[in-house]
Amino acid sequence: MPSDLSNYLASKYLVADAKPKKKKRKQAAATGLLITDDDDGGWGQTGQGDDDAEDGPVTVTGASAEFRRTKKNNWKTLGGDDATKDKDEAAAADAILASAAAESAAAGGEDEEMPLVEDDPSVVKMSDGTHAGLQSAKTVSAQLRRRQQEEREEFERHRKNAKEEETVYRDATGRRIDISMKRAEARRAAAEAEEKERLAKEALKGDVQLDEARRRREQLEDAKLMPLARKADDEDMNRELKEQERWNDPMAQFMSSKETTSKGKSKRRPVYAGAAPPNRYGIKPGYRWDGVDRGTGFEAERFKALNRRKRNEGLDYAWQMDE
């Protein structure tokens with residue numbers, strides 16, 4: 001039984017490995033330097049029989065003495081012909097450029113030496129001032145510069161001699177407009193508008209404000225003639241200080257001089273001097289009242305009620321004291 005199992009496994013699964021291929025090396029020449037490893041004991045053997053060995057020796061062509069005695073340079077330059085060819089082409093290109101530069105310099109010298117054609121009626125000119133026909137670049141540039149210089153000189157001469165003309169304005173119908181007259185009318189209209197605005201502002205003020213403004217203007221006019229220093233004996237200053245009314249002045253009611261001004265007009269408002277029925281607010285009637293009481297009598301009844309209550313309070317106290 002085991003033998004059958006072994007045969008079965010060997011036939012199905014145990015396959016012999018293929019024989020490895022050996023690398024072939026090129027056969028070295030019979031004559032030459034042989035280089036082998038140190039552990040190799042086969043010195044002097046050519047190794048022709050071991051070509052198929054994997055670690056075979058490496059053979060260098062030629063004997064060692066011959067290799068040392070050689071004087072010939074075996075190094076080769078890569079692309080040597082191409083480099084020489086490139087150098088030749090570069091030299092040719094430089095020569096071409098040098099010749100072109102020399103030709104252009106010679107042409108430029110000829111253009112500079114060529115005289116400019118002066119103004120001649122027979123010469124045909126174009127609109128920009130250059131001559132018609134075949135011209136060199138230098139000649140055309142010189143003609144253009146000359147034309148620009150002439151135009152600049154003409155402009156300067158005209159600017160110095162000519163006078164600026166005044167602009168002429170016209171209306172829709174084509175008639176000429178006088179600017180000076182229009183300006184005068186505009187100034188007059190502006191002055192009238194300013195005067196109307198001033199009068200409108202003054203109309204909003206009262207008589208007292210206008211009187212104060214007038215007196216202020218008079219004071220300013222008088223101040224032009226006043227001395228710079230005003231002392232205590234200045235009459236005008238003392239009179240102005242005396243005429244001033246102060247609300248907390250205790251002697252104001254006893255001063256009769258303040259009631260009249262220098263013009264004889266009283267500063268106080270007129271009041272009613274006769275008898276008048278009292279009221280709870282203590283307001284006196286106007287100085288134009290004719291003396292007729294046109295009220296509803298409420299004020300008189302009020303004062304009667306107050307007097308009655310006051311009297312009753314006194315009677316009650318007296319009766320209590322009697323008891």
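Thresholds, definitions, all that
Just so you know, the residues in each chain are numbered from 1, in the order the chain's sequence is written. A pLDDT threshold of at least 70 governs which residues receive local features in this predicted model, and a stricter bar of 80 or more applies before side-chain atom pairs are shown or counted, although totals over entire chains, interfaces and linings include all residues. Derived side-chain values reflect all non-hydrogen atoms in the structure, with water molecules and hydrogen atoms excluded from consideration. To qualify as a helix, a DSSP run of H or I must reach at least 4 residues; to qualify as a strand, a run of E must reach at least 2; elements of each kind are numbered from the N terminus. Each residue's exposure class comes from its accessible area (1.4 Å probe, protein chains only) as a fraction of the maximum for that residue type: buried when under 20%, exposed when over 50%, partly exposed otherwise. By definition in these notes, contact holds between two residues if any of their heavy atoms fall within 4.5 Å. Here, Shrake-Rupley sampling with a 1.4 Å probe gives the accessible areas, and only protein chains in the shown set may cover a residue. Each residue carries a pLDDT score, the predictor's confidence in it, ranging from 0 to 100. A side-chain nitrogen of Lys or Arg and a carboxyl oxygen of Asp or Glu constitute a salt bridge if their distance falls within 4 Å. For Phe, Tyr and Trp, where Trp contributes only its six-membered ring, two rings pair if their centres lie within 6.5 Å, and the inter-plane angle classes them as stacked under 30 degrees, edge-to-face over 60, or tilted in between. By the criterion adopted, a ring carries a charge over it if an Arg CZ or a Lys NZ lies within 6 Å of its centre and within 35 degrees of its normal. The patches reported here contain residues having more than 30% relative accessible area and no salt bridge. Joining distances are 9 Å for like charges and 5 Å for nonpolar side chains (Val, Leu, Ile, Met, Phe, Trp, Tyr).

A. Structural context of the overall build of the chain. In terms of regular secondary structure, the chain is built from 8 helices and 4 strands. Written out in order from the N terminus, the α and β elements of the chain read α-β-β-α-α-α-β-β-α-α-α-α. Going through the 323 residues of the chain one by one, you find that 5% of them count as buried. A separation of at least 24 residues holds for 31% of the contacts in the chain among residues at least 6 apart in sequence. Split by element, the accessible area of the chain, about 30,600 Å² in all, is 53% carbon and sulfur.

B. Local environment of the confidence of the model for the chain. Scored by pLDDT, the chain has a mean of 76; 69% of the residues are at 70 or more. Here residues 44-53 scores under 50 on pLDDT; set against residues more than four positions off or in separate chains, the count is 9 contacts.

C. Highlighting the pattern of salt bridges. Taken as a whole and judged by the stated rule, the model has 16 salt bridges. Here Glu150 makes a salt bridge to Arg146, at a shortest N to O gap of 3.5 Å. Remark: Arg146 and Glu150 occur in helix H4 (residues 137-161); sequence separation between them is 4 residues, near one turn of the helix. Overall, the relative accessible area of 29% leaves Arg146 in the partly exposed class.

D. Broad picture of the packing of aromatic side chains. Following the criterion strictly, the structure yields 1 aromatic pair and no others. Their ring planes at 70° and their centres at 5.4 Å tell us that Tyr272 and Trp289 sit as a pair that is edge-to-face. Here Tyr272 is found in the loop between helix H7 (235-243) and helix H8 (298-322), whereas its partner Trp289 is found in the loop between H7 and H8, with 17 residues between them in sequence. Among the residues examined, Tyr272 registers a relative accessible area of 21% and is labelled partly exposed. In this arrangement the basic side chain of Arg302 is found over the ring face of Phe303, its NZ or CZ atom lying 5.9 Å from the centre.

E. Broad picture of a nonpolar patch on the surface. Residues Leu5, Tyr8, Leu9, Tyr13 and Leu14 make up a contiguous nonpolar surface patch of about 570 Å² in total accessible area. Along the chain, Leu5 falls in helix H1 (residues 2-12).

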